[in-house]
Amino acid sequence: MDEKMEFEEFLEKELRLVEEKKYIRARDELLQWKDADVAEVIEEVMDEISLNAAIILFRMLPKDDSADVFAYLPTEDQLAIIDGITEREISYIIDELDFDDKIDVLEELPANVVDKILEKTPKSERRQINTFLNYPENCAGTLMTPDYISLKANMTVRDALHHIKRVGMDSETVYTCYVKDEGRHLIGIIGLRKLVISDGSALIRDLMMTDIVSINVYEDQEDAYETFRKYGYMAIPVVDRENRLVGIITMDDILEVIEEETTEDIERMAGVVDDSTASYLDTSVLHHVKNRLPWLLALMLMYIITGAIIAGFETTLKEVICLTIYMPMLMGTGGNSGSQSATLIIRSMAVGDIDLQDGWRVLWKEIRVSVLLGIILSSVNFVRVMIEQHSDPRCFLIALTVCLSTIAVVVAAKCIGSMLPMLAKKIGVDPALMASPMISSLTDMVSVTTYFLLATMLLHI
């Protein structure tokens, strides 16, 4: 049986058991699955049955499993469970979480709950937690963990491997080790593979790599992701302004950043301003309205300008009423052409294929692409208009107007679509804001203006 189908059947069975309040049997069934699957079941119980049932099921899990399952739950579900369990249980879970997961949870908890948890935390760890909690939002420091393997340059390989065996279980990764001097400055990196195959009496200083790629603790999360993407490392050290090692960022933390940034870009490209971390179904109707209203209002005002432009050419429309037929096609073609270019440029900037210095090269390429596309599309339109308007003595001029307008609109839309995201980046605005529907609104204005100006000139209206 397919694993996905098997899990779906298991999920249905679990929901039925919980609904019938057969919690012990439900727990026993749960324990046969991986922690991530258990978290998914608890999440479904919370959504489909009740929060209370989910909390009961969670509290019945063995202590060793509960913290691991908790780490896989979405933030809003974690907070819901914390509200329903005792302070002692909360303290246990927080203590068992990996340090970076612990910080993520503490950042979301009310201050009074955090204070109670920190009261029971050893002084050295409390100081470290407070340092991490005070890093600015969205900087690299909020992603890192201090659980890494640290070595000294004068260690032998034999000593290093013994040290890794001793502390490895408490470290985020054992595959990369970081070499520090007496002042905690990062001076080298060495991989586990090299340690394993090297002579036991060799010194770390002779084997370590000193050409280090690191991230500053105050660097933006998105820049940290770019560093990961560029070098392809599984973990990258994080240093302060004095090059002292303060932690490491691992690939699993960066994957969360990618998801957040992608979600944010998709929302902005759709004209949605969302500051909530809740899922779609968990977000209230009023919150959805608040997120979507600003852009819709702004775009509606832009279409008022488009309507005024059309009204200005009322005489042209009265003289050649058939021009109205081709307006939606031109406006749609312009919007689609601009959105195509904007999407490609935003994506290329995001992955580092192009930067602001490539502006003129991008513009020249888009002009050539748009001219060829415009000629092909206008050729199809020419045949269409000649067939549809064959009874009109001005059918050739009407077809010529539509065709020239198509070329002009596609060229203008491609230029707008490619240049606006680059302009946005230059002035410090997120380029995603310059995608649909902003591009469509601008190209609509250009489309109707171009169309009616050409019609006025060619048809002598």
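Attention here is on the structure that accompanies the text. (Residues numbered from 1 in each chain as written. Predicted model: local features only at pLDDT ≥ 70, side-chain atom pairs only at ≥ 80, totals over all residues. Heavy atoms only, no water.)

**Digging into the overall build of the chain**
Move 1: If you tally the helices and strands in the chain, you get 21 helices and six strands.
Move 2: Of all 461 residues assigned to the chain, the portion counted as buried reaches 43%.
Move 3: If you take every contact in the chain between residues at least 6 apart in sequence, the share linking residues at least 24 apart comes to 67%.
Move 4: Counting every atom, the chain has about 25,100 Å² of accessible surface; 57% of that belongs to carbon and sulfur. (Helix = DSSP H or I, 4+ residues; strand = E, 2+ residues; numbered from the N terminus. Buried < 20%, exposed > 50% of the residue type's maximum accessible area, 1.4 Å probe, protein only. Contact = heavy atoms within 4.5 Å. Areas by Shrake-Rupley, 256 points an atom, 1.4 Å probe, with all protein chains shown as cover.)

**Some remarks on the sheet that holds strand E1 (residues 150–152)**
Move 1: The strand order across the open sheet built from three strands is E1-E2-E3, with neighbouring strands paired in mixed fashion. Taken across any chain shown, the strands that pair with only one partner, and hence form the sheet edges, are E1 and strand E3 (186–191). Across this sheet, the average inter-strand angle for adjacent strands is 35°, counted without regard to direction.
Move 2: Relative to strand E2 (residues 176–180), E1 runs parallel, the two sharing three bridges. In the sheet register, Lys-152 faces E2, and the bridge partner there is Lys-180. (Pairing = 2+ DSSP bridges. Axes fitted to C-alpha atoms, helices over the stretch in contact; angles between N-to-C directions.)

**Quick look at the packing of aromatic side chains**
Move 1: Counted under the stated rule, the structure contains six aromatic pairs.
Move 2: Aromatic pair Tyr-231 and Tyr-233: ring centres 5.8 Å apart, planes at 20°, arrangement stacked.
Move 3: According to the relative accessible area criterion, Tyr-231 is partly exposed, its value standing at 38%.
Move 4: For the pair Phe-382 and Phe-396, a centre-to-centre distance of 5.9 Å together with 80° between the ring planes defines the contact as edge-to-face. Here Phe-382 is found in helix H19 (residues 359–388), whereas its partner Phe-396 is found in helix H20 (residues 395–426), with 14 residues between them in sequence.
Move 5: If you follow Lys-63 out to its NZ or CZ, it ends over the ring of Tyr-92, 5.0 Å from the centre. (Phe/Tyr/Trp six-rings, centres within 6.5 Å; stacked < 30°, edge-to-face > 60°. Lys NZ or Arg CZ within 6 Å of the ring centre and 35° of its normal.)

**Here we look at the nonpolar core**
Move 1: Ile-42, Val-45, Phe-70, Ile-81, Met-144 and Ile-249 are the most contacted members of the largest nonpolar core, which totals 57 residues.
Move 2: Discounting residues that sit within four places of it in the chain, Met-144 has contacts with Asp-100, Phe-132, Tyr-135, Val-217, Val-238, Val-246, Gly-247, Ile-248 and Ile-249.
Move 3: Met-302, Ile-309, Val-402 and Leu-459 belong to the second-largest nonpolar core, a separate cluster that totals 22 residues. (Core = buried A, V, L, I, M, F, W, Y, C linked by side-chain atoms within 4.5 Å.)

**What about the packing of H19 against H20?**
Move 1: Taken N-terminus to C-terminus, the directions of H19 and H20 make an angle of 155°; their axes are 8 Å apart at the nearest point. The angle between H19 and H20 places the two elements in the roughly antiparallel class. Between H19 and H20 lies a crossing of right-handed hand. (Parallel < 35°, antiparallel > 145°, perpendicular 65-115°, else oblique. Left-handed = near helix turned anticlockwise from the far one by under 90°.)

**What to know about helix H3 (residues 35–48)**
Move 1: Here H3 is 14 residues long and its end C-alpha atoms lie 20 Å apart, about the 20 Å a rise of 1.5 Å per residue gives.
Move 2: Every buried residue of H3 is listed here: Asp-37, Val-38, Ala-39, Val-41, Ile-42, Val-45 and Met-46. (Expected span 1.5 Å × (residues − 1).)

**Some remarks on the packing of H20 against helix H21 (residues 438–458)**
Move 1: Viewed as axis vectors pointing N to C, H20 and H21 meet at an angle of 150°, and their least axial separation amounts to 9 Å. Put simply, H20 runs roughly antiparallel to H21. You can see that H20 and H21 cross each other, and the crossing is right-handed.
Move 2: Classifying every residue of the contact of H20 with H21 by side-chain character gives 17 nonpolar, six polar and no charged. (Nonpolar A, V, L, I, M, F, W, Y, C, P; charged D, E, K, R; others polar.)

**What about the pattern of salt bridges?**
Move 1: Applying the stated rule across the entire model yields ten salt bridges.
Move 2: Residues Asp-392 and Arg-394 are paired through a salt bridge, measuring 3.7 Å at the closest nitrogen-oxygen approach.
Move 3: Arg-394 sits in the partly exposed class, given a relative accessible area of 29%.
Move 4: Look at the salt bridges and you will find they share partners, linking Asp-240, Glu-242 and Arg-244 into a network. (Salt bridge = Lys/Arg side-chain N within 4 Å of Asp/Glu carboxyl O.)

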